[in-house]
Amino acid sequence: MSKHVREYAGEEIAVSFDSGRCIHAKECVHGLPGVFDPRGRPWIDPGKGTAEEVAEVVARCPTGALQFRRLDGGAGEPVPERNRVMVAADGPLYVSGDLELRRAGQESGRAETRLALCRCGASKNKPYCDNSHLEAGFADPGHVDSGRSRVEPQTEPGRLVITAARDGALIFKGPVEVCGANDSGRAHMMTVSLCRCGESNRKPFCDATHRESGFEAE
């Protein structure tokens, strides 16, 4: 288990928290303040809610910093039927679906359902977002050109493999819907490269500017 991850167990459900992936979206605190209390010690107490309540709120965490493990034989987190990338204005890529995240050179990676991936180039925890876009002053409205669609909307389940290319883009292979901020457009694709250096002139899509800017990332 990563040094950033801690697990908090109740009788029916255990919740793990990866502090390295948390960007304080506060879905947990707003959803179950009795279970998720930043002022409490420990700050997560799964025993103060039912397993179903805790599981439902954990699944709202857009970054995947929170995960749950049922101890009562209950169902795990369902995998979303569609793969989506939500482009946040001035912020990260929120990805949901049947996901597999790989580092450069890996032939397999970690299965995920929720991710927040850096697109400003400044994160200290790449490929994950760590809110560095706020300090860096990253600005981009997050618009998506619907005319970039290459396939019909996803109708069948399919895994989306995301590879963080060394010193380059985030490469998505598999059925995916890329959605612009504030419903500013959407594109359906099977393969797409999205900018993670923060410098592309065609954000959120990669235009290879990372080669000129000297962007470095594993």
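Residues numbered from 1 in each chain as written. Predicted model: local features only at pLDDT ≥ 70, side-chain atom pairs only at ≥ 80, totals over all residues. Heavy atoms only, no water.

**Student:** Whenever I open this one, the layout of surface pockets confuses me. Can you help?
**Tutor:** To locate leftover empty space, one rolls a probe as large as a water molecule over the atoms. The computed volume of the largest pocket comes to approximately 240 Å³. Taken together, 17 residues line the largest pocket, and the ones lying closest to its centre are C22, H24, K26, C28 and W43. The greatest single-element share of the lining of the largest pocket, amounting to 3 residues, is contributed by helix 1 (residues 27-31). Grouping the amino acids of the lining of the largest pocket by side-chain chemistry returns 13 nonpolar, 2 polar and 2 charged. In this structure, the second largest pocket spans a volume of roughly 150 Å³. Around the second largest pocket, the lining residues are Q67, F68, E77, V79, D98, L99, A111, E112, T113 and R159. Those elements giving two or more residues to the lining of the second largest pocket turn out to be strand 3 (66-70), strand 5 (93-103) and strand 6 (110-117). Element by element, the count of residues in the lining of the second largest pocket is highest for strand 6, at 3 residues. (1 Å grid on protein atoms, 1.4 Å probe; cavity = no way out; pocket = protein on both sides within 12 Å on 5 of 7 lines; lining within 4 Å. Points joined across faces, edges and corners; volume = space filled by probe spheres on them. Helix = DSSP H or I, 4+ residues; strand = E, 2+ residues; numbered from the N terminus. Nonpolar A, V, L, I, M, F, W, Y, C, P; charged D, E, K, R; others polar.)

**Student:** I would appreciate a short explanation of the sheet that holds strand 2 (residues 13-18) in the present structure.
**Tutor:** Two modes of strand pairing occur in sheets, parallel and antiparallel, and in both the strands are linked by backbone hydrogen bonds. Read from one edge of the open sheet, 3 strands run 1-2-3, paired in antiparallel fashion. Looking at strand neighbours, the two that pair on one side only are strand 1 (5-9) and strand 3, the edges of this open sheet. Recorded for the sheet is a direction-independent mean angle of 20° between the axes of neighbouring strands. Where strand 2 lies against strand 3, 5 bridges are found, and the strand directions are antiparallel. Across the sheet, residue F17 finds its bridge partner in strand 3, namely L66. (Pairing = 2+ DSSP bridges. Axes fitted to C-alpha atoms, helices over the stretch in contact; angles between N-to-C directions.)

**Student:** Would you mind showing me how to read the nonpolar core here?
**Tutor:** In summary, soluble globular proteins display a tendency toward joint burial of nonpolar side chains. Within the largest apolar cluster, 22 residues are counted, with the highest numbers of intra-cluster contacts made by V85, L93, V95, L115, L117, I162 and F172. Counting residues per element, the ones that place at least two in this core are strand 4 (84-87), strand 5, strand 6, strand 7 (160-164), strand 8 (170-179) and strand 9 (186-194). Those residues within four positions of L117 in sequence are excluded, and the remaining contacts are P92, L93, V95, P127, Y128, C129, I162, L170 and F172. Listed in part, the 19 residues of the second largest apolar core include F36, V57, V58 and F68. (Core = buried A, V, L, I, M, F, W, Y, C linked by side-chain atoms within 4.5 Å. Buried < 20%, exposed > 50% of the residue type's maximum accessible area, 1.4 Å probe, protein only. Contact = heavy atoms within 4.5 Å.)

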